[in-house]
Amino acid sequence: MPATSLEQIVSLAKRRGFVFPSSAVYGGLGSTWDYGPLGVELKNNVKRAWWRSVVYEREDMEGLDAAILMNRLVWKYSGHEATFSDPMTDCRNCKARPRADHVFVAQKGRDPKGLPEINEAIAAKELKCPKCGATDLTEARPFNLMFRTTVGAVDTGDGSGLAYLRPETAQGIFVNFGNVLDTMRRKLPFGVAQIGKAFRNEITPGNFTFRTREFEQMEIEYFVRPGEDETAHQAWIDARTQWYVDLGMRRENLRQREQDKTELAHYAKRCVDIEYKFPMGWSELEGIANRTDFDLKAHSRSPENPDAVGELKYFDQEQKKHIVPYVIEPSAGADRATLAFLCDAFDESLVKEPPAEESAKLRELVQSFAKSVDKKDPKQMEPETKARLVGAAEKIAAGLPGTLPELLALSDDEAANKIEVFKKVRGVSEKLGEEFTRTVLHLHPRLAPITVAVFPLKKNEPRLVELARGVKRDLQQAGLRAVYDDTGAIGKLYRRQDEIGTPFCITVDFQSLEDKTVTVRDRDTMGQERVGTGELGAALRAKVG
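As a starting point, this report considers the structure included with it. Positions within a chain are numbered from 1, following the residues in the order the chain's sequence is written. The predicted origin of the model limits local features to residues at a pLDDT of at least 70 and limits the giving and counting of side-chain atom pairs to 80 or more, whereas totals for whole chains, interfaces and linings rest on all residues. Hydrogens are left out, water is left out, and the side-chain values use all remaining heavy atoms of the structure.

### Focus on the overall build of the protein
To keep it simple, the criterion reads: Secondary structure is summarised from DSSP: a helix means a run of H or I of at least four residues, a strand means a run of E of at least two, and numbering begins at the N terminus for each. Throughout this description, buried means an accessible area under 20% of the type-specific maximum (1.4 Å probe, protein chains only), exposed means over 50%, and partly exposed covers the range between. By definition, residues are in contact when any of their heavy atoms lie within 4.5 Å. Working definition of accessibility: Shrake-Rupley area with a 1.4 Å probe, residue cover restricted to the visible protein chains.
Secondary structure assignment for the protein yields 20 helices and 22 strands. Each principal axis of the C-alpha distribution contributes one length, and for the protein these read about 80 × 65 × 50 Å. Here the protein holds 545 residues, and 50% of them are scored as buried. Within the protein, contacts between residues at least 6 apart in sequence are counted, and of these 67% link residues at least 24 apart. Split by element, the accessible area of the protein, about 26800 Å² in all, is 49% carbon and sulfur.

So this is what it looks like as structure tokens:
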């Protein structure tokens, strides 16, 4: 069963060392996250797979790593300093701070013509706070999303040392267009790829690692001749969609959404979003935009930009003249992609049925939980929450033991855990779940944090331990991420590795001492085969691809 809520993914991520709340020992910091031992491996593998696909496997791409801090003029002429902002309003009643344009669209059913129209509606008490319903909203004002910092030992106070943490990696590529062109002697069409941190002072970040103030982008700027841009744009849309599918993401969980004219950036000719069906609904995974020639012109010397030192142009040998290339930009988030792969890989299923009396006992507890929720006073629980919990409990009770995975998922629900009887439900279900269910991350072998885990059948048998550790070292030297583990029974070790997405497990037993073969277990099929230790590296590398 796939994840039914984002809370399941958050729980797994924290429990198994994928992602932790940042600086939690001091109460944390909103929407900042630390990637743990397994999370950093998964995210690095996502980035490596992207780089391999868009740089190594193509003949028309170069790589770049531009600085996070850049001259303030970069952001002035890109337009970010003046326009990279959201209109915010405050509710004087409940102190909420919603985006004013979002409130306008939700309540008026159309986009506002600008900030003045929003403020007219606020003054006329036509807009309500989406949280408490009050009409006492402050005048909307622009809130710049760029983080400010100061370069230099002393802040002079006149803004001369002002700099920004970059809100995107794209501008670093644009201002280096001439450098890459001159040093690598490229001809159109060609692209530049970059992976790097970006920072946005988002007002309403959330949904785990989906929207954060500090994030990592995987961006491409692909330069083409005007007139060839539409074909190149569609080719990148198709290629980038296929990349996710090739790495195991289910095609039914992906869709391409064409941005309408009201959504397009002022410089964009066309933009298509690749969206993923997250547990919280369809949301953007990657955007592929046709940015025309706006960016290179913006950073070229002209009456509009007297501060630039030259022009970012390309000499077209065929036309015998300088041209300004159009730009196709596939822009993906490393954090969003990592989260999407985690969500898509998650599966929880019943591997065998528990005894009938245990199922009956659990069914009674779930039914008792449903009755307890149904009796809750509306002042204690919102009607929507009550209906959701009662409906889920009744469905689970009717379907047990087959719905045991759904009950385990409900254990991550904050509202359910506030009901006293649910503590008993949770205790019984988790005990049964440990024995009768299996949680698996069906990650593509190229993405899995650990490729292969090696176990000795008995940890107190020195010969088995020595051989198992030797197999682990050989696999590591063969370029595979391998670990050794002897901290539990083989069955428990298999379950542990399934839950973190390890595609292959190797057991070294007494037969291994005789014929130098080991048991290789496949995560997805749970099938097992004997393979000679001398063939292991090549056999597993072939499976990883």
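Picking up after the structure, the text goes on.
### Comments concerning the environment of D60
To keep it simple, the criterion reads: Think of a polar contact as two N or O atoms within 3.5 Å of one another; within protein, one of them needs to be a possible hydrogen donor and the other a possible acceptor, and neighboring residues in sequence only count if both atoms come from side chains.
Within the element layout of this structure, D60 appears in the loop between α2 (37–56) and β3 (61–64). The exposure class of D60 is buried, given its relative accessible area of 14%. C-alpha of D60 to C-alpha of L188: the two residues are 128 residues apart in sequence and 8.6 Å apart in space. At 2.9 Å, the side chain of D60 and the side chain of R58 are in polar contact. Side-chain polar atoms of D60 contact the side chain of Y222, separated by 2.7 Å.

### Examining the pairing of strand β15 (residues 326–333)
Condition: Any two strands with at least two DSSP-identified bridges between them are counted as paired.
With eight of eight residues buried, β15 lies mostly within the body of the structure. Neither face of β15 is left uncovered, since the one carrying Y326, I328, P330 and A332 and the one carrying V327, E329, S331 and G333 both have all their residues buried. The pairing of strand β12 (residues 281–292) with β15 spans six bridges and is antiparallel. In the sheet register, E286 faces β15, and the bridge partner there is A332.

### Concerning empty space enclosed by the protein
Just so we agree on the cut-off: A pocket, in this scheme, is an open set of points on a 1 Å grid over the protein atoms alone with protein on both sides within 12 Å along at least 5 of 7 lines, while a cavity is a set where a 1.4 Å probe fits but cannot get out; residues line either one if an atom lies within 4 Å of a point. Grid points are joined across faces, edges and corners, and a volume is the space filled by probe spheres set on the points.
A full pass over the atoms with the stated rule returns two cavities of 30 Å³ or more. In this model, the largest cavity occupies a volume close to 60 Å³. In terms of lining residues, the largest cavity is bounded by F18, V19, Y35, G39, L42, F208, T209, D335, T338, L339 and L342. Among the secondary structure elements, those contributing two or more residues to the lining of the largest cavity are α2 and α11 (334–345).

### Structural notes on the sheet that holds strand β19 (residues 482–484)
Here is the rule: A fitted line through C-alpha atoms serves as each axis, taken over the contacting stretch for helices, and the angle formed by two N-to-C directions is quoted from 0 to 180°.
Pairing in this open sheet of five strands is mixed, and the strands run β19-β18-β20-β21-β22 from one edge to the other. Each having just a single partner strand, β19 and β22 (528–532) make up the two edges of the open sheet. The average undirected angle you get between the axes of adjacent strands in this sheet is 30 degrees. One ladder, built from three bridges, connects strand β18 (residues 452–456) with β19; its direction is parallel.

### A few points about the environment of R523
Within the secondary structure layout, R523 lies in the loop between β21 (517–522) and β22. Residues R523 and H442, spaced 81 residues apart in sequence, show a C-alpha to C-alpha distance of 7.9 Å. Once residues within four sequence positions are removed from consideration, R523 is found in contact with R438, V440, L441, H442, L443, D498, G501, T502 and P503. A distance of 2.7 Å separates the side chain of R523 from the backbone oxygen of L443, its partner in a polar contact.

### A look at the pattern of salt bridges
Rules: Within this document, salt bridges are pairs made up of a side-chain nitrogen of Lys or Arg and a carboxyl oxygen of Asp or Glu, the two lying within 4 Å of each other.
Scanning all chains against the criterion turns up 43 salt bridges. Note that E81 is salt-bridged to R72, the shortest N-O span being 2.6 Å. Between D229 and K269 there is a salt bridge; the shortest N-O distance is 2.9 Å. A residue pair is termed long-range when its members are at least 10 positions apart, and D229 in helix α9 (residues 229–246) and K269 in the loop between β10 (254–258) and β11 (270–278) qualify at 40 residues. With a relative accessible area of 39%, K269 lands in the partly exposed category. Taken together, the shared-partner salt bridges in this structure form one network comprising R255, R257, E263, D273 and E275.

### Describing the packing of aromatic side chains
Put simply, the test is: Each Phe, Tyr or Trp ring, with Trp reduced to its six-membered ring, pairs with another whose centre is within 6.5 Å; inter-plane angles below 30 degrees give stacked pairs, above 60 give edge-to-face pairs, and intermediate values give tilted ones. Sitting over a ring, as applied to charges here, requires NZ of Lys or CZ of Arg to be within 6 Å of the ring centre and within 35 degrees of the ring normal.
Scanning the entire structure with this criterion turns up 14 aromatic pairs. Taking 4.9 Å as the distance between ring centres and 80 degrees as the angle between the ring planes, the aromatic pair formed by W243 and Y244 counts as edge-to-face. By the burial criterion, W243 is buried, and Y244 matches it. Grouped by ring-pair contacts, the aromatic residues F177, F190 and F223 constitute a single cluster. Of note, R336 hangs over the ring of F210, and the distance from its end group to the ring centre comes to 3.8 Å. Over the ring of Y494 we find R521; its NZ or CZ atom is 4.4 Å from the centre of that ring.

### What to know about helix α17 (residues 462–477)
Residues spaced three or four apart along an α-helix point in a common direction, a consequence of the helix completing one turn every 3.6 residues. Rules: Take the residue count of a helix, subtract one, and multiply by 1.5 Å to get its expected span.
Between the first and last C-alpha of α17 there are 23 Å, a value that for 16 residues agrees with the 22 Å anticipated at 1.5 Å per step. When we look at burial in α17, the residues that qualify are L464, V465, L467, A468, G470, V471 and L475. Of the surrounding secondary structure, the elements contacted by the buried residues of α17 are β18, β19, β20 (504–508), α19 (510–515) and α20 (536–544). Just downstream of α17 lies G479, where phi reads positive at about 90 degrees.

### Points about the nonpolar core
Heads up, the rule is: Only buried residues count toward a nonpolar core, which is a set of Ala, Val, Leu, Ile, Met, Phe, Trp, Tyr and Cys residues joined through side-chain atoms within 4.5 Å.
Counting 62 residues, the largest nonpolar core has I9, F18, Y244 and F341 as the members making the most contacts within it. Counting residues in each nonpolar core, the second largest holds 26 residues, with F369, L389, L407 and L410 among its members.

### Thoughts on the packing of α2 against α9
Stated formally: Put simply, a crossing is left-handed when the front helix is turned counterclockwise from the back one by less than a right angle, and right-handed when it is turned clockwise. Each residue is assigned to one of three groups, with Ala, Val, Leu, Ile, Met, Phe, Trp, Tyr, Cys and Pro labelled nonpolar, Asp, Glu, Lys and Arg labelled charged, and all others, Gly among them, labelled polar.
Orientation of α2 relative to α9, taken along the N-to-C sense of each, is 140 degrees, at an axis distance of 11 Å. Of the two possible hands of crossing, α2 and α9 adopt the one that is right-handed. Contact residues: α2 offers V46, A49, W50, S53 and V54, while α9 offers W236, R240 and W243. Along the lines of polarity and charge, the residues of the contact of α2 with α9 split into six nonpolar, one polar and one charged.

### Looking at the packing of helix α5 (residues 100–108) against helix α6 (residues 115–123)
Convention followed: Oblique is the label for every angle not falling under 35 degrees (roughly parallel), over 145 degrees (roughly antiparallel), or within 65 to 115 degrees (roughly perpendicular).
Running from N to C, α5 and α6 point in directions that differ by 65 degrees, and their axes come no closer than 10 Å. Considering their axes alone, α5 and α6 lie roughly perpendicular with respect to each other. Along this stretch, α5 crosses α6, giving a crossing that reads as left-handed. Contacts between α5 and α6 involve A100, D101, F104 and K108 from the first element and E117, I118 and A121 from the second. Here the contact of α5 with α6 is composed, by residue class, of four nonpolar, no polar and three charged.

Function-wise, these values are silent; they only describe arrangement.
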